[in-house]
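Now for the letters of each chain:
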Amino acid sequence: MNGEKIFIVCENCGKKYRINKPDEKRVFNCKECDEKIVVYPSTQIDSSNKKEINNSITIIISIISIILALIAIIYTENTNKEIDNVKNETMNLNSEVNDLQFYLANQRLEISNLIDLSNSSIQDIGDGFKVAELNTSKHMTGVKIKGRVINMTSCTHQSINFKIYISNQEKTIFITQISPGHSTSFDTYIPDVPIEKARWATFKYIESVLKFKI
Ligand SMILES: [Zn+2]
């Protein structure tokens, strides 16, 4: 007997006892239910210690929970930041691709006949045709181009297809008929072209049906 108190519970009825810690295995009967209670000197922990340990465990679990919550918050914030970064990079890439397309379109325009859409006087588009009275205006997401095509050849062209290349867009213009030396008006809408990129264009004659005078 060393005077140390221990805390035991009757496994049958739950009656609690605070007894002196035994030096060797001790057996006694429960005062409540007469159940045999066996006490070993090595297996019992004093109740006050037990409470302290329980409290410590509770505090540690709380701290771990808080740390885990903080980690989760930081991780989420970082993930959101990364998503934002990827979004920004994608937007930058998109605008670079657009610039590149615009550059390529301009390159293509430079090697062919460039037509100044802000110029209303007569301009040669090749293949025996000229354009005149050009007028460009902003319309919905793109531009509206009006003008006249002059037939400089000596034959009547019918069902004529022209292509307009502007910025990174292209559009087919259909004209029913132009007599020799005459002009026919056209009016076309080209979507997704900002007006500031609608200064220069290329007109290309694609095909037509020729009607000869006999
Ligand atoms: Zn008992």
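Residues numbered from 1 in each chain as written. Predicted model: local features only at pLDDT ≥ 70, side-chain atom pairs only at ≥ 80, totals over all residues.

## Focus: the overall build of the protein
Piece 1. Along the backbone of the protein there are 1 helix and 12 strands.
Piece 2. Counting from the amino terminus, the protein carries its helices and strands in the arrangement β-β-β-β-α-β-β-β-β-β-β-β-β.
Piece 3. Computed over the C-alpha atoms, the radius of gyration of the protein is 46 Å, more than 25% above the 17 Å expected from 2.2 N^0.38 for a compact globule of 214 residues.
Piece 4. For the protein, the spread of C-alpha atoms along the principal axes amounts to about 135 × 30 × 25 Å.
Piece 5. Every one of the 214 residues in the protein was classed for burial, and the buried ones make up 14%.
Piece 6. Sequence-distant contacts, at least 24 apart, represent 51% of the contacts inside the protein between residues at least 6 apart. (Helix = DSSP H or I, 4+ residues; strand = E, 2+ residues; numbered from the N terminus. Rg over C-alpha atoms; globule rule 2.2 N^0.38 Å. Buried ≥ 20, exposed ≤ 12 C-beta atoms within 10 Å, placed from the backbone. Contact = placed C-beta atoms within 7 Å.)

## Here we look at the sheet that holds strand 9 (residues 156-166)
Piece 1. Reading across from one edge, 5-12-9-10 is the order of the 4 strands in this open sheet, with antiparallel pairing throughout. Edge positions in the sheet fall to strand 5 (115-116) and strand 10 (169-178), since each has one partner strand and no second.
Piece 2. Bridge count between strand 9 and strand 10: 9 bridges; the pairing is antiparallel. Within strand 10, the position partnered with lysine 163 by the bridge is threonine 172. (Pairing = 2+ DSSP bridges.)

## What to know about the domain arrangement of the protein
Piece 1. Domain boundaries in the protein define domain 1 (5-44) and domain 2 (114-211).
Piece 2. Domain 1 and domain 2 are separated by 106 Å when their C-alpha centres are compared. (Domains from an automatic or database assignment.)

## What to know about unusual backbone geometry
Piece 1. In this model, aspartate 34 sits at a positive phi of 70°, which is unusual for a non-glycine residue.
Piece 2. By the element assignment, aspartate 34 lies in the loop between strand 3 (26-29) and strand 4 (36-39).
Piece 3. You can call aspartate 34 exposed: it has 10 C-beta atoms within 10 Å.
Piece 4. The phi dihedral of methionine 140 falls on the positive side, at around 50°, and the residue is not glycine.

## Looking at the pairing of strand 12 (residues 200-211)
Both faces of the sheet carry side chains from a regular strand, because those side chains alternate between them.
Piece 1. One ladder, built from 2 bridges, connects strand 5 with strand 12; its direction is antiparallel. Bridged to isoleucine 115 within strand 12 is alanine 201.
Piece 2. Looking at chain direction, strand 9 and strand 12 are connected through 9 bridges and run antiparallel. Residue pairing for strand 12: threonine 156 is matched across the bridge by lysine 211.

## Some words on the nonpolar core
Piece 1. Within the largest apolar cluster, 23 residues are counted, with the highest numbers of intra-cluster contacts made by Val149, Ile164, Ile166, Ala201 and Phe203.
Piece 2. Looking at this core, the element that brings in the most residues is strand 9, giving 5 residues.
Piece 3. When near neighbours in sequence (up to four residues on either side) are disregarded, alanine 201 contacts Ile115, Leu117, Ile164, Tyr165 and Ile166. (Core = buried A, V, L, I, M, F, W, Y, C linked by C-beta atoms within 7 Å.)

## Quick look at the environment of isoleucine 53
Piece 1. Mapped onto the fold, isoleucine 53 is located in helix 1 (residues 47-111).
Piece 2. Taking the C-alpha atoms as reference points, isoleucine 53 and serine 185, 132 residues apart in sequence, are found 95 Å from one another.

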